[in-house]
Amino acid sequence: MNTSTKLEYSEKVVDHFTNPRNMGSIENASGVGTVGNAKCGDIMRVYLDIDDGGFIRDVKFKTFGCGAAIATSSMATELVKGKHIKDALAMTNKSVMDALDGLPQVKIHCSLLAEEAMHAALWDYAQKKGITIEGLKKPKSDIHEDEHDHDHVAEEEED
Amino acid sequence: MNIKRTYGTNMPKTIYLDNAATTAVKREVFDAMAPYFTEQYGNPSSIHEFGARCGVACDEARAKVAKVIGANPQEIYFTSGGTESDNWAIKSTAYAKKEKGRHIITTRIEHHAVMETCEFLKRDGFDVTFLDVDDQGLVDPAKLEAAIRPDTILISVIYANNEIGTVQPIAEIGRIARARGVLFHTDAVQAFGHVPIDVDAENIDLLSASGHKIHGPKGIGFLYMRKGVKLPPLMHGGHHERGRRAGTLNVPGIVGLGKAAEIAGAEMAANAERVTALRDRLIKGMLSEIPHSRLNGHPTKRLPGNANLSFRFVEGESLLMMVDEKGVSASTGSACASGSLDPSHVLLAIGLPHEIAHGSLRFSLSEDNTEEEIDYAVEAVREVVERLRSMSPLYEDAVKAGGA
Ligand SMILES: Cc1ncc(COP(=O)(O)O)c(C=O)c1O
């Protein structure tokens with residue numbers, strides 16, 4: 001329990017929020033995935049550049065969202081950079097959260113979004129290549145579809 | 001979870017633009033309060049000189065507070081703040097008048113202290129009408145009048161909104177309420193001491209206010225209750241406050257509130273002029289420096305210190321955190337900042353789409369701010385919005401579509 005709202009973020013979250021890694025976009029990316037929706041207040045887009053051996057040569061992201069949304073996108077890209085797509089697929093919201101030393105309860109959905117964005121980019125890559133990546137499911141979210149499932153806890157601060 | 005934080009330690013001097021959240025206690029206010037902690041610590045209820053002196057101090061404060069709103073000191077009841085006053089006014093009216101009727105009229109842009117109280121009463125069998133407001137946040141008095149029914153027992157309208165600053169046509173609403181014989185409560189927490197209020201001229205029966213929005217202390221406020229309006233207590237207990245509000249008086253708080261009210265009343269016109277000029281400088285600066293920005297609320301019928309703006313393609317909490325890094329303290333109506341699913345109910349009530357409501361910031365000024373601070377804040381927000389837009393997939397799409 002932290003009375004101050006601001007202090008709920010770990011140092012790592014703040015670091016990744018203030019100095020996001022891999023922010024930007026990739027021209028002619030091997031795969032691009034966008035998840036979330038503006039109505040809920042967060043959208044993530046992940047760009048992957050994948051070599052012939054299935055290794056992620058480069059990864060970039062763009063995110064519209066809160067501090068945690070930016071930090072989770074940044075961390076997710078760090079976790080997969082240089083890795084094989086199989087390892088990228090194994091990256092879960094929990095691995096993103098752990099790498100960030102945790103997230104406030106109300107921000108856990110941001111880490112789910114980061115996982116979904118990565119999967120969506122991998123899916124796009126698989127579609128473009130005409131391959132199947134074992135264990136990868138079609139992403140459900142799209143920025144123009146309905147609201148994604150949030151894991152919010154009703155807790156409001158007001159002045 | 002590691003929650004230790006270091007950021008903020010190397011921050012430049014803070015530019016505090018969150019005076020609607022709370023204000024600094026003025027030096028004079030603090031000095032007036034100080035003796036009542038360690039020297040004059042008597043209980044006004046005690047029958048000895050020591051207690052009586054504190055009672056006198058409370059009554060002086062009562063008179064000072066009453067003067068600011070044109071009330072009689074006997075009509076002022078000290079409470080723990082705006083939230084308690086709102087709860088008291090609304091719940092006690094509801095329970096005292098439930099035989100007459102169970103209908104309450106309020107608006108869609110109330111503070112949570114009123115909104116949640118009304119929601120609570122709804123669950124308890126009361127019928128609540130939440131009036132819509134227009135796109136600048138104004139209540140339409142004609143619509144309010146049309147909503148009155150034979151079983152309407154209370155009208156509660158926020159005097160000036162805490163998020164968008166819109167000041168309501170309170171005198172007109174008061175006239176209607178009086179003519180129709182319905183009690184009229186207003187949450188004046190943001191208005192008290194900032195804009196002129198006259199409870200008689202405006203036909204206000206019940207008014208809530210708080211100390212900490214006028215450079216007074218936190219945890220102290222009052223409910224104005226018109227003579228003849230006899231609401232039962234919300235706090236039951238001893239015979240404090242003429243049997244209406246139990247609990248040993250918060251003497252230092254009351255003295256502080258009195259002093260703050262006295263200063264706010266005396267300096268209101270001068271402060272309003274100065275703060276309005278700063279506010280308009282900020283609004284003009286932001287709107288001209290930052291593309292795709294808009295002002296929320298009414299352009300002129302607004303609190304002197306309130307500027308609420310939306311910046312498209314960016315999200316409020318990240319905006320807030322990044323301007324905080326630059327030493328600027330503001331507030332946001334974004335959902336992400338509150339931990340709820342939806343952005344501010346006030347921004348939605350004035351018709352902002354979710355995505356634009358998410359990207360809003362509130363700057364609330366005080367007379368202590370300077371032009372240099374405002375100019376710094378404009379530049380800080382401009383830089384941060386630009387940076388966040390460079391990170392925003394929404395902005396990228398808008399640029400590609402030729403819309404940005
Ligand atoms: C309009 C309004 N009503 C009520 C309150 C609650 O007042 P307090 O903090 O004194 O309980 C506030 C601010 O906090 C407010 O802005």
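Only a predicted model underlies this, so the values are computations on that prediction, with no experimental measurement involved.

1. Here's the deal with the overall build of chain B
Here's step 1: The number of helices and strands found in chain B is 15 helices and 13 strands.
Here's step 2: Rg of the C-alpha trace for chain B: 22 Å, near the compact-globule value of 22 Å for 404 residues, within the 12% margin.
Here's step 3: Along the first, second and third principal axes, the C-alpha set of chain B runs to 75 × 55 × 45 Å.
Here's step 4: By the burial criterion, 59% of the 404 residues in chain B qualify as buried.
Here's step 5: For chain B, the exposed surface amounts to about 15800 Å²; the carbon and sulfur share of it is 53%.
Here's step 6: Positive and negative side-chain charges of chain B, numbering 45 and 52 respectively, have mean locations separated by a distance of 3 Å.

2. Concerning the site of the ligand
Here's step 1: In the neighbourhood of the ligand, 14 residues make up the surrounding shell, with Thr83, Asp187, Gln190, Ser210 and Lys213 of chain B lying closest.
Here's step 2: Around the ligand the close residues trace back to chains A and B.
Here's step 3: A distance of 2.8 Å separates an oxygen atom of the ligand from a polar atom in the backbone of Gly82 of chain B.
Here's step 4: In this structure, Ser210 of chain B approaches the ligand through a side-chain N or O atom, which is 2.6 Å from an oxygen atom.
Here's step 5: Here the ligand loses 90% of its free accessible area of 380 Å² to cover by the protein chains.
Here's step 6: The biggest single contributor to the shell around the ligand is helix α4 (residues 82–96) of chain B, with three residues.
Here's step 7: When grouped by side-chain class, the residues that make up the shell around the ligand number two nonpolar, eight polar and four charged.

3. Considering the packing of helix α2 (residues 67–80) of chain A against helix α5 (residues 108–129) of chain A
Each pair of packed helices can be summarised by the angle the axes make with each other and by the distance between the axes.
All names here are of chain A.
Here's step 1: Two numbers describe how α2 lies on α5: the axes approach to 9 Å, and their chain directions differ by 45°. Here α2 lies oblique to α5, going by the angle between them. Every pair of crossing elements has a handedness; the one defined by α2 and α5 is right-handed. Where α2 approaches α5, its residues Ala68, Ala69, Thr72, Ser73, Ala76, Thr77 and Val80 are matched on the opposing element by Cys110, Ser111, Ala114 and Met118.
Here's step 2: In terms of residue class, the contact of α2 with α5 is made up of seven nonpolar, four polar and no charged.

4. Thoughts on the side chain of Asn271 of chain B
Here's step 1: Assignment of secondary structure puts Asn271 of chain B in helix α9 (residues 251–289).
Here's step 2: Exposure remark for Asn271 of chain B: the relative accessible area of 17% places this residue in the buried category.

5. Comments concerning the nonpolar core
Here's step 1: Counting residues in each nonpolar core, the largest one holds 73 residues, and the members touching the most others are Leu48 and Leu122 of chain A together with Leu17, Leu282, Met286, Phe311 and Phe363 of chain B.
Here's step 2: Of the residues forming this core, the biggest block, 11 residues, is contributed by α5 of chain A.
Here's step 3: Every residue in contact with Phe311 of chain B, bar those within four places of it in the chain, is listed here: Met286, Ile290, His292, Ser293, Leu319, Gly359, Leu361, Val381, Val385 and Arg389 of chain B.
Here's step 4: Core analysis: the next-biggest nonpolar cluster, separate from the first, contains 65 residues, Cys54, Ile263, Ile356 and Ala357 of chain B among them.

6. A few points about a negative patch on the surface
All names here are of chain B.
Here's step 1: The grouping of Asp134, Asp135, Asp140 and Glu172 at the surface amounts to a negative patch.
Here's step 2: Following the sequence through the fold, Asp135 ends up in the loop between β4 (127–131) and α6 (141–147).
Here's step 3: Judged by its relative accessible area of 53%, Asp135 is exposed.

7. Description of the sheet that holds strand β3 (residues 56–64) of chain A
Residue and element names in this part refer to chain A.
Here's step 1: The sheet built from three strands is open, its strands ordered β1-β2-β3 with antiparallel pairing. The open sheet has two edge strands, β1 (31–37) and β3, and neither has a second partner. Neighbour-to-neighbour, the strand axes of this sheet turn through a mean angle of 10°, independent of strand direction.
Here's step 2: Note: strand β2 (residues 42–50) against β3, eight bridges, orientation antiparallel.

Conventions we followed
- Sequence order as written defines the numbering, with residues in each chain counted from 1.
- Labels follow written order: the first chain is A, the first ligand is 1, and so on.
- For a predicted model such as this one, the threshold for reporting local features is a pLDDT of at least 70, and the threshold for listing and counting side-chain atom pairs is 80 or more; totals across whole chains, interfaces and linings nevertheless cover every residue.
- With hydrogens and water stripped out, all remaining heavy atoms of the structure feed into the side-chain values.
- To qualify as a helix, a DSSP run of H or I must reach at least 4 residues; to qualify as a strand, a run of E must reach at least 2; elements of each kind are numbered from the N terminus.
- A radius of gyration in this sense is built from C-alpha atoms; the matching globule rule multiplies 2.2 Å by the number of residues raised to 0.38.
- In this scheme, a residue with accessible area under 20% of its type's maximum is buried, one over 50% is exposed, and one in between is partly exposed, where area comes from a 1.4 Å probe on protein chains only.
- In short, Shrake-Rupley with a 1.4 Å probe defines the accessible areas, and a residue's cover is counted only from the protein chains shown.
- Positive charges come from Lys and Arg, negative ones from Asp and Glu, while His and the chain ends are left out of the count.
- For the purpose of locating charges, the reference atoms are NZ of Lys, CZ of Arg, CG of Asp and CD of Glu.
- For this purpose, a residue is taken to be near a molecule or strand whenever a single non-hydrogen atom of the residue falls within 4 Å of it.
- Contacts described as polar in this section are N or O atom pairs within 3.5 Å, which, within protein, must combine one atom able to donate a hydrogen with one able to accept it, while residues neighboring in sequence count only if both atoms come from side chains.
- Classes in brief: Ala, Val, Leu, Ile, Met, Phe, Trp, Tyr, Cys and Pro nonpolar; Asp, Glu, Lys and Arg charged; the others, Gly included, polar.
- Here an axis means a line fitted to C-alpha atoms, over the contact stretch when the element is a helix, while the angle between two N-to-C directions is reported on a 0 to 180 degree scale.
- Under this scheme an angle from 65 to 115 degrees is roughly perpendicular, one under 35 degrees roughly parallel, and one over 145 degrees roughly antiparallel; angles in between are oblique.
- Here a crossing is taken to be left-handed if its near helix is turned anticlockwise relative to the far helix by less than a right angle, and right-handed if that turn runs clockwise.
- Only heavy atoms matter for contacts: two residues are in contact if any of them lie within 4.5 Å across the pair.
- Throughout this description, the term nonpolar core refers to a set of buried Ala, Val, Leu, Ile, Met, Phe, Trp, Tyr and Cys residues connected via side-chain atoms within 4.5 Å.
- The patches described consist of residues with a relative accessible area above 30% and no salt bridge, like charges being joined within 9 Å and nonpolar side chains (Val, Leu, Ile, Met, Phe, Trp, Tyr) within 5 Å.
- In the sections that follow, a salt bridge refers to a side-chain nitrogen of Lys or Arg positioned within 4 Å of a carboxyl oxygen of Asp or Glu.
- Any two strands between which DSSP finds at least two bridges are classified as paired.

These figures come from the coordinates and say nothing about function on their own.
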